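The lines below spell out each chain.
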Amino acid sequence: MDDVTTIAVGGERPYDVLVGRDLPHHLPRLLDGAARAAVLYAPPLRAQAEAITRVISEAGIAPLAIDVPDAEAGKSIDVAARCWDQLGAAGFTRTDAVVGVGGGAVTDLAGFVAACWLRGVRWIPVSTSLLGMVDAAVGGKTGVNTAAGKNLVGAFHPPAGVLCDLSLLDTLPRVDLVAGLAEVVKCGFIADPAILDLIESRTPDEGPPDEAVTRELVERAVRVKADVVGADLREGGLREVLNYGHTLAHAIEKVEGYSWRHGHAVSVGLVYAATLGHLAGRLDEATAKRHSSVLAALGLPTAYRADAWPDLLATMRVDKKARGSKLRFVVLDGIARPSILDGPSDELLRAAYEEVAA
Ligand code: GLY
């Protein structure tokens, strides 16, 4: 019997996130009624993609393997257009489906390809990174990058199901596993403090969490995200809380030319947002400090270059989540009590940066 945890995501088009090991055999059920399924994958994941195409083909569904460039290089309109050409050549119809095998970039692309083909066909992300499992794969945000910026072109297109196959993490480099935990910590602070207790119950020399702990962390973080996106798919309000720590994080990523891992930037961004909340009189000092201690215990960065502040501030001002010239931050009024800080002064923004300035 499968040891699979099923986490339901509600909303207009509900679906399940499956967490467990060796999950590809769930795909035929999710693809029921499809005559064809495109499998988008990046070359380093060829073996995993082949295993998936085998399962699909054994179920009588014609697989169409499409390799796409790895990471952000694959998230382009040119790559999407090449995928659409291949779907067209294979005669893809409305009942056919797209499977994305990879980290967040590949699943964002796969979802976008599916969202636009015939104005929306079924798709399923098979997430191969911890970050992808707890963030990109859940919630139906799909898209590509353009010259104007990252993720400015896309669609909300919920998947038909999500596979978080923990066996795919066996070969994930440790640095990527740890980086993905920054989003898990975020979920702990905005909604589920048991995540923080679990991390704090371990000693720093235990290294990254073992599989059982990782599984619990993934399940808890997915539940947090599922609850939020089930209630607010289109980011009308509540979904904004998932942006906790991300305003500074996006600026760091941009200033670094996207050479920093997203999770590392989020880690610094969380410490910054916590300090900002504290200095704004919203969050108690102990909870603010708890951010850096939990993140540091995982080996995540909590500081960034002191001299970068002017660039970071300028970059935050053009963040797509800013409103007019006012900056807008998700802060905490307490653990699991996210709220919005609108238009903080430059002095406050600068003072909070002191906490992360290295
Ligand atoms: N990654 C934030 C969201 O899905 O809304």
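Only a predicted model underlies this, so the values are computations on that prediction, with no experimental measurement involved. (Residues numbered from 1 in each chain as written. Predicted model: local features only at pLDDT ≥ 70, side-chain atom pairs only at ≥ 80, totals over all residues. Heavy atoms only, no water.)

Asks: Please give an account of the packing of aromatic side chains that cites residues and values.
Replies: When we look at a pair of aromatic rings, we describe it by the centre distance and by the angle of the planes. Inspection of every chain in the model, using the stated rule, returns 6 aromatic pairs. For the pair Tyr-272 and Trp-309, a centre-to-centre distance of 6.0 Å together with 45° between the ring planes defines the contact as tilted. Highlighted residues: Tyr-272 in helix 10 (residues 262-279) and Trp-309 in helix 12 (residues 309-317), separated in sequence by 37 residues. Trp-309 carries the same exposure label as Tyr-272, and that label is buried. Grouped by ring-pair contacts, the aromatic residues Tyr-272, Trp-309, Phe-329 and Tyr-353 constitute a single cluster. (Phe/Tyr/Trp six-rings, centres within 6.5 Å; stacked < 30°, edge-to-face > 60°. Helix = DSSP H or I, 4+ residues; strand = E, 2+ residues; numbered from the N terminus. Buried < 20%, exposed > 50% of the residue type's maximum accessible area, 1.4 Å probe, protein only.)

Asks: Can you break down the layout of surface pockets residue by residue, with the values?
Replies: The computed volume of the second largest pocket comes to approximately 190 Å³. As for the second largest pocket, its lining consists of 14 residues, and the residues nearest its centre are Gly-11, Glu-12, Arg-13, Pro-158 and Leu-233. When residues of the lining of the second largest pocket are assigned to their parent elements, the largest contribution, 3 residues, is made by helix 8 (residues 211-231). In the lining of the second largest pocket, the residues fall into 6 nonpolar, 4 polar and 4 charged. (1 Å grid on protein atoms, 1.4 Å probe; cavity = no way out; pocket = protein on both sides within 12 Å on 5 of 7 lines; lining within 4 Å. Points joined across faces, edges and corners; volume = space filled by probe spheres on them. Nonpolar A, V, L, I, M, F, W, Y, C, P; charged D, E, K, R; others polar.)

Asks: How would you summarise the nonpolar core if you had to cite specific residues and measurements?
Replies: Side chains of a nonpolar character, in soluble globular proteins, are inclined to be buried together. In this structure, Val-17 and Tyr-272 are the most contacted members of the largest nonpolar core, which totals 76 residues. If near-sequence neighbours (up to four positions away) are discounted, Tyr-272 is found in contact with Leu-248, Trp-309, Phe-329, Leu-349, Ala-352, Tyr-353 and Val-356. Among the nonpolar cores identified, the runner-up in size contains 23 residues, and Leu-40, Ala-80, Phe-92 and Ala-114 belong to it. (Core = buried A, V, L, I, M, F, W, Y, C linked by side-chain atoms within 4.5 Å. Contact = heavy atoms within 4.5 Å.)

Asks: Report on the sheet that holds strand 6 (residues 122-127), specifying residues and quantitative values.
Replies: The strand order across the open sheet formed by 7 strands is 1-2-9-6-5-3-4, and the pairing between neighbours is mixed. Each of the sheet's edge strands pairs with one partner strand only, and the pair in question is strand 1 (5-9) and strand 4 (62-67). The mean inter-strand angle of the sheet, taken between neighbouring strand axes irrespective of direction, is 20°. Relative to strand 4, strand 3 (residues 36-41) runs parallel, the two sharing 6 bridges. Bridge pairing links Ala-38 to Leu-64 in strand 4. Packing against the sheet, helix 2 (residues 46-58) makes contact with strand 3, strand 4, strand 5 (97-102) and strand 6, and its axis sits at approximately 175° to strand 3. (Pairing = 2+ DSSP bridges. Axes fitted to C-alpha atoms, helices over the stretch in contact; angles between N-to-C directions.)

Asks: Provide a residue-level description of helix 9 (residues 246-255), including the pertinent values.
Replies: Judged by how many residues are buried, helix 9 sits mostly within the fold: 7 of 10 residues are covered. Taken together, the buried positions of helix 9 are occupied by His-246, Thr-247, Leu-248, Ala-249, Ala-251, Ile-252 and Glu-253. Here the buried face of helix 9 lies against strand 8 (149-156), helix 6 (174-190), helix 10, helix 12, strand 10 (328-332) and helix 13 (346-356). Once helix 9 finishes, Gly-257 follows within two positions and takes phi at roughly 60°, a positive value.

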